[in-house]
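# Structural overview for review
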Amino acid sequence: MATDLVPGVTPETPKTSRPPSGRAARRAPGRVLASALRHRWLYVMLLPGVVYFLVFKYWPMYGLHIAFKEYLPFLGYSGSPWVGFKQFQTLFAGPDFGRLMLNTLILALLTIVFVFPAPIVVALMLNELRTVLVKRSIQSLIYIPHFLSWTIVASLTYLLFSVDFGVLANFIHTLVGGEQVDYVAQETWFRPIIVLQLLWKQTGWGTIIYLAALAGVDTQLYEAARVDGAGRWRQLWHITLPAIRPAIVVMAILTSGHLLDSGFEQIWLMTTSLNRSVSDVFDTYVYYIGITQGAYSYSTAVGLFKGATGVLLIAGSNWLAKRLGQRGLY
Amino acid sequence: MAIDNVAGPAAQRRRGVRHHESAGSRVFDVLNVVVLLALAAITVLPLLYVVAGSFATEAEIDSRPFFLWPQKFVTDGYDYIFASGTFLRALLTTICVTAVGTVVQVGLTLTMAYPLSKRALPGRTMAINLVVFTLVFSGGMIPTYLVVRDLGLLDSYWALILPLAINPFYLLIVKSFFQELPEALEEAARIDGCNELGVFWRIVLPLSKPVIATFSLFYAVGIWNDYMSPLLYIDDERKWTLQVLVRQLTAANADSENALNALEGAFFPQQGVKFAIIVLATLPILLVYPFLQKHFAKGVLIGSVKE
């Protein structure tokens, strides 16, 4: 669940030319065997991890085929009958699909517009601070929410915005007047609150990657620009922003793959019976239909649709980044 | 922070000759500091309020809009929590699962990352691809649930640990870190008669303390904060973790508040318990945070920024 902690990892490109793998290996199987034997302890160390990936990552991928079956627990994986694309047809033709898609896309759009740029802006502002001590203190403080759980964030939201005694709810009430508004239960306020929570929780942490990129900027560039008479804004526009553009592109591609991941815990925790019409997204729908209603095949199909779209989005935005002359992710 | 970036444009100006700075530039600096301080305040104030509220009386929470220091200092919420079996059980459960889970996760990650960092290991590329593919694609919630069910792990504490045992991102970062270690040291140990296990244990691990610290924190926070796993895999109320309790107590439509009330019978300081449980569920993280802070930015950046 915490993959977002380390967003900048670039999966490494396999180096096939290293001996004794690849073609060399086929020519000399004896040498590979000898090398493997010499490394036997390394294989022993590798084994538990590989078993983990096979059991908890690849076995579920095998299980995905029940999206094309009518899975019945007493018949098991192999005994359940194949039904082709029936589950997908049910999803696309059903009444829920449009609403799920719309809710998921709106949240994704809001994330792109408001949540994605926030760390960039804050990193740029931090970068302009003159006192290292002030900079460090502010950084340390704004990192904290990243380490709080979504249940805590949701609880804080309820405490601050609840009708009866919520501090912020009352504060807004005194400012605006009128009727007391139940922010946490209402449809109207669901999306703004989700965005605010994301901003509060992730902005500070998100600055890390950009600050690292900013630290690598050659300071002579600034001097040269100043000599040429560039003001602060021009320096920002012509030196700082281009310098962090690769980091921005990588983050954008990574984000695009998760566009349909609305963040299960956050949405689930903020869903109430009153806001279901705007809060139902693919993630929570899969849980609701699959775990609580037991429709394993159907909800697996929903999950598969979501996962496949995510892969396409990553590939698509990577392609786009390369077309636009950026380095891309792979 | 590890990222000092003293070379930023502002610091540059401070050190260098002051090229007749414009008034606009100075206004910008002031505004910048003010806005950033406001951001920091928005981040921290809600947390301080909850801490203050957890020591306040029910009446004060109801009547005073916002405070950072309670007028009358009471511990009703905490007293209730520590007197109640449900809470103590959840607290202990969470502590144990986090401790065991972190050891398992860090152990598995380190032992898998080390062989993967050896370029000469036959089959290494295949194993790395096996890992990288899981970053892009996964079976998803239901198939994973079925695997956990088929393994007989439902309602078992292992269901909170094993499915998350290795984070592929962390694994790849640790692998990159191991790759950067000086090869000569390992060679020397090998000449002195160490086998691979010996090299790993005596040379590599001692050199990796910052990385181990960082990822121990990340894994521990991950398990401590995990709400989805208990929601999916744990039905038995006696096995609830703190996060589930936090949810049950503070959710808007919490019928279970009444259930808990009935369960425990006695006096139930409603708001006080809510504030106190939030504090208790957050405290351990905030306690270790300052100690590990200096490590983690470095840890995150190892292998992640290749410019």
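Residues numbered from 1 in each chain as written. Chains lettered and ligands numbered in written order. Predicted model: local features only at pLDDT ≥ 70, side-chain atom pairs only at ≥ 80, totals over all residues. Heavy atoms only, no water.

### Description of helix H12 (residues 219–227) of chain A
All names here are of chain A. The test is simple: Classification of residues uses two cut-offs on accessible area relative to the type maximum, computed with a 1.4 Å probe and protein chains only: under 20% is buried, over 50% is exposed, and between them is partly exposed. Helix numbering and strand numbering both begin at the N terminus, where a helix is a DSSP run of H or I of at least 4 residues and a strand a DSSP run of E of at least 2. Here, the arc refers to the directions that run from the helix axis to the C-beta atoms. Nitrogen and oxygen atoms within 3.5 Å of one another constitute a polar contact, given that in protein one can donate a hydrogen and the other can accept it, and given that sequence-neighbouring residues count only through two side-chain atoms.
Among the residues making up H12, those that are buried are Thr219, Tyr222, Ala225 and Arg226. Seen along its axis, H12 keeps its buried residues to an arc of 120 degrees; they face one direction. Of the residues in H12, the exposed ones pointing more than 90 degrees away from the buried face are Gln220 and Val227. The N-cap of H12, judged by a side-chain oxygen 3.1 Å from the amide nitrogen of glutamine 220 a few residues on, is aspartate 218. Within two residues after H12, glycine 229 carries a phi angle of roughly 90 degrees, on the positive side.

### Observations regarding the UniProt feature "transmembrane region" (unreviewed entry) in chain B
Residues and elements named next belong to chain B. Formally: UniProt positions are given in the numbering used here, feature names are shortened, and annotations may be inferred rather than shown by experiment.
When the UniProt feature table is mapped to this numbering, "transmembrane region" (unreviewed entry) covers residues 30–52, 90–114, 126–145, 157–178, 199–224 and 273–292. Along residues 30–52, the helical share is 100% and the strand share 0%, with 31 Å between the first and last C-alpha atoms. Measuring from the first to the last C-alpha atom of residues 199–224 gives 32 Å, for a span that is 96% helix and 0% strand.

### Here's the deal with the UniProt feature "transmembrane region" (unreviewed entry) in chain A
Residues and elements named next belong to chain A. UniProt's feature table lists "transmembrane region" (unreviewed entry) at residues 41–59, 105–126, 147–173, 193–215, 236–260 and 295–321, given in the numbering used throughout. Along residues 147–173 one finds 70% helix and 0% strand; the C-alpha atoms at either end are 31 Å apart. Annotation note: span residues 295–321, helix share 96%, strand share 0%, distance between end C-alpha atoms 39 Å.

### Quick word on the packing of aromatic side chains
Just so we agree on the cut-off: Pairing of aromatic rings covers Phe, Tyr and Trp, the last counted by its six-membered ring, and requires centre-to-centre distances within 6.5 Å; plane angles under 30 degrees mean stacked, over 60 mean edge-to-face, and any other angle means tilted.
As enumerated under the stated definition, the model contains 43 aromatic pairs over all chains in all. Measuring from ring centre to ring centre gives 5.3 Å for phenylalanine 92 of chain A and phenylalanine 305 of chain A, while their planes differ by 75 degrees; the resulting arrangement is edge-to-face. Placement of the pair is phenylalanine 92 of chain A in helix H5 (residues 86–93) and phenylalanine 305 of chain A in helix H17 (residues 296–323), with a sequence separation of 213 residues. Phenylalanine 92 of chain A gets classed as partly exposed once you look at its relative accessible area, which sits at 41%. For phenylalanine 305 of chain A, a relative accessible area of 17% gives the class buried. Both rings, one in tyrosine 170 of chain B and one in phenylalanine 215 of chain B, keep their centres 5.0 Å apart while their planes meet at 50 degrees; by these two values the pair is tilted. Highlighted residues: tyrosine 170 of chain B in helix H8 (residues 168–180) and phenylalanine 215 of chain B in helix H11 (residues 209–225), separated in sequence by 45 residues.

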